Amino acid sequence: MLQTLSDWFWWDHLWLPRNVTWADLQDTEGYEYATVSHLYVTIIYALLLIVVRYFFERLVATPLAKVMGLKHQAQLKATHNPVLENFFVSASKHPNKSQLEGLSKKCSCSVRQAERWFRRRRNQDRPSLMKKFREACWRCTFYLLAFTGGIAVLIDKPWFYDTWEVWVGYPKQSLLPSQYWYYIIELSFYWSLLFSIASDVKRKDFQEQIIHHLATIILLSFSWCANYIRVGTLVMAVHDASDILLEVSVAPGVQ
């Protein structure tokens, strides 16, 4: 059963042009092709990037934020109250007037005190500007380095200046070491974003973020397996350039 599904998924006609099979893309002397096994290492590199990010945010981003005038402001924590906490978690973070009156009676406090408790509890979960800046600084730095590396990879390639060269000889285009590392590092980075999304600042487009990261990983993996390496590197360079501006625009203290 699994072999049948595998044969169907890797069916030549789904991935490759006519009259080309996977057997034609086997490594030979002077030619090396992209294979799915190359992508397994991206999981390990993603974990390494998370470690690098941890130290970057504390040793680079935090001092930079302080230089720019951002400070880590201590937020007032709501006092421990099991009744209000249970309502906050299970019912609503924004109780209406009648709910506040009922909760205040249960807790033997005034409506004003209950209202103040919910306001502090909401602020307690709100990420600080420092945390937002550190995350944006990490992503911006990566995109800047990735874009610089991408240009270095592409600058001497003919398809950087003439996109028709992307398809010359396709799909029998040998994989270059520079292309390998550009793809692997980019894919590892998006895996790391997916792994750390639960601990990052939770934005309003949280679900869209997950879909974006998954879609990017799938598209990069597909283009790798189908040997769309040349066009893939061009697309990554364009997206990295725009992502630099995006992260700068959302970083606190930069606007």
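Preceding this section is the structure that the text describes.
Residues numbered from 1 in each chain as written. Predicted model: local features only at pLDDT ≥ 70, side-chain atom pairs only at ≥ 80, totals over all residues. Heavy atoms only, no water.

S.K.: Summarise the overall build of the protein chain; cite the residues concerned and give the values.
M.R.: Helix and strand counts for the protein chain come out as 10 helices and 0 strands. A burial count over the protein chain gives 38% of its 255 residues as buried. Long-range pairs, those at least 24 residues apart, make up 78% of the contacts in the protein chain between residues at least 6 apart in sequence. Working note: accessible area of the protein chain is about 15900 Å², and carbon and sulfur atoms make up 63% of it. (Helix = DSSP H or I, 4+ residues; strand = E, 2+ residues; numbered from the N terminus. Buried < 20%, exposed > 50% of the residue type's maximum accessible area, 1.4 Å probe, protein only. Contact = heavy atoms within 4.5 Å. Areas by Shrake-Rupley, 256 points an atom, 1.4 Å probe, with all protein chains shown as cover.)

S.K.: How would you summarise the nonpolar core if you had to cite specific residues and measurements?
M.R.: When a protein is soluble and globular, its nonpolar side chains tend to lie buried together. Tyr143, Phe189, Tyr190 and Trp224 are the most contacted members of the largest nonpolar core, which totals 42 residues. Elements with a minimum of two residues in this core: α3 (41-67), α7 (129-154), α8 (177-196), α9 (206-225) and α10 (229-250). Setting aside residues no more than four positions away along its own chain, phenylalanine 189 makes contact with Leu49, Trp138, Arg139, Phe142 and Tyr143. Listed in part, the 9 residues of the second largest apolar core include Leu84, Leu100, Ala114 and Trp117. (Core = buried A, V, L, I, M, F, W, Y, C linked by side-chain atoms within 4.5 Å.)

S.K.: Can you tell me about the packing of aromatic side chains, naming the residues and giving the values?
M.R.: A complete count under the given rule lists 17 aromatic pairs for this structure. Centre to centre, the rings of tryptophan 138 and phenylalanine 189 are 6.4 Å apart; their planes meet at 45 degrees, and the pair counts as tilted. Placement of the pair is tryptophan 138 in helix α7 and phenylalanine 189 in helix α8, with a sequence separation of 51 residues. Under the relative-accessibility criterion, tryptophan 138 is labelled buried at 6%. Assessed through its relative accessible area of 0%, phenylalanine 189 is described here as buried. With 6.0 Å between their ring centres and 40 degrees between their planes, phenylalanine 222 and tyrosine 228 make a pair best called tilted. Accessibility expressed as a relative area gives 35% for phenylalanine 222, which makes it partly exposed. Counting every residue linked through ring pairs, the aromatic cluster contains Phe56, Trp138, Phe142, Tyr143, Phe189 and Tyr190. (Phe/Tyr/Trp six-rings, centres within 6.5 Å; stacked < 30°, edge-to-face > 60°.)

S.K.: For α10, give the residues involved together with the corresponding values.
M.R.: Residues lying three or four places apart along an α-helix face the same way, a consequence of the helix completing one turn every 3.6 residues. Counted at 1.5 Å a residue, the expected span for α10 with its 22 residues is 32 Å, and the 31 Å between its end C-alpha atoms agrees. Among the residues making up α10, those that are buried are Ile229, Arg230, Gly232, Thr233, Leu234, Met236, Ala237, Asp240, Asp243, Ile244 and Glu247. For α10, the secondary structure elements touched by its buried residues are α7, α8 and α9. (Expected span 1.5 Å × (residues − 1).)

S.K.: Would you mind going over the packing of α7 against α10 in detail, with residue names and values included?
M.R.: Running from amino to carboxyl end, α7 crosses α10 at an angle of 150 degrees, the nearest separation of the two axes being 8 Å. Between α7 and α10, the angle falls in the class roughly antiparallel. The chirality of how α7 crosses α10 is left-handed. Between α7 and α10, the residues in contact are Ala136, Arg139, Cys140, Tyr143, Leu144, Ala146, Phe147 and Leu154 and Thr233, Leu234, Ala237, Asp240, Ala241, Asp243, Ile244, Glu247, Val248 and Val250, respectively. Of the residues in the contact of α7 with α10, the class split is 13 nonpolar, 1 polar and 4 charged. (Axes fitted to C-alpha atoms, helices over the stretch in contact; angles between N-to-C directions. Parallel < 35°, antiparallel > 145°, perpendicular 65-115°, else oblique. Left-handed = near helix turned anticlockwise from the far one by under 90°. Nonpolar A, V, L, I, M, F, W, Y, C, P; charged D, E, K, R; others polar.)

S.K.: Give a description of unusual backbone geometry that names residues and reports values.
M.R.: Cis geometry marks the peptide bond from tyrosine 170 to proline 171; its omega dihedral reads 5 degrees. Within the secondary structure, proline 171 sits in the loop between α7 and α8. Even without glycine at this site, asparagine 227 takes up a positive phi of about 65 degrees. With respect to the secondary-structure elements, asparagine 227 resides in the loop between α9 and α10.

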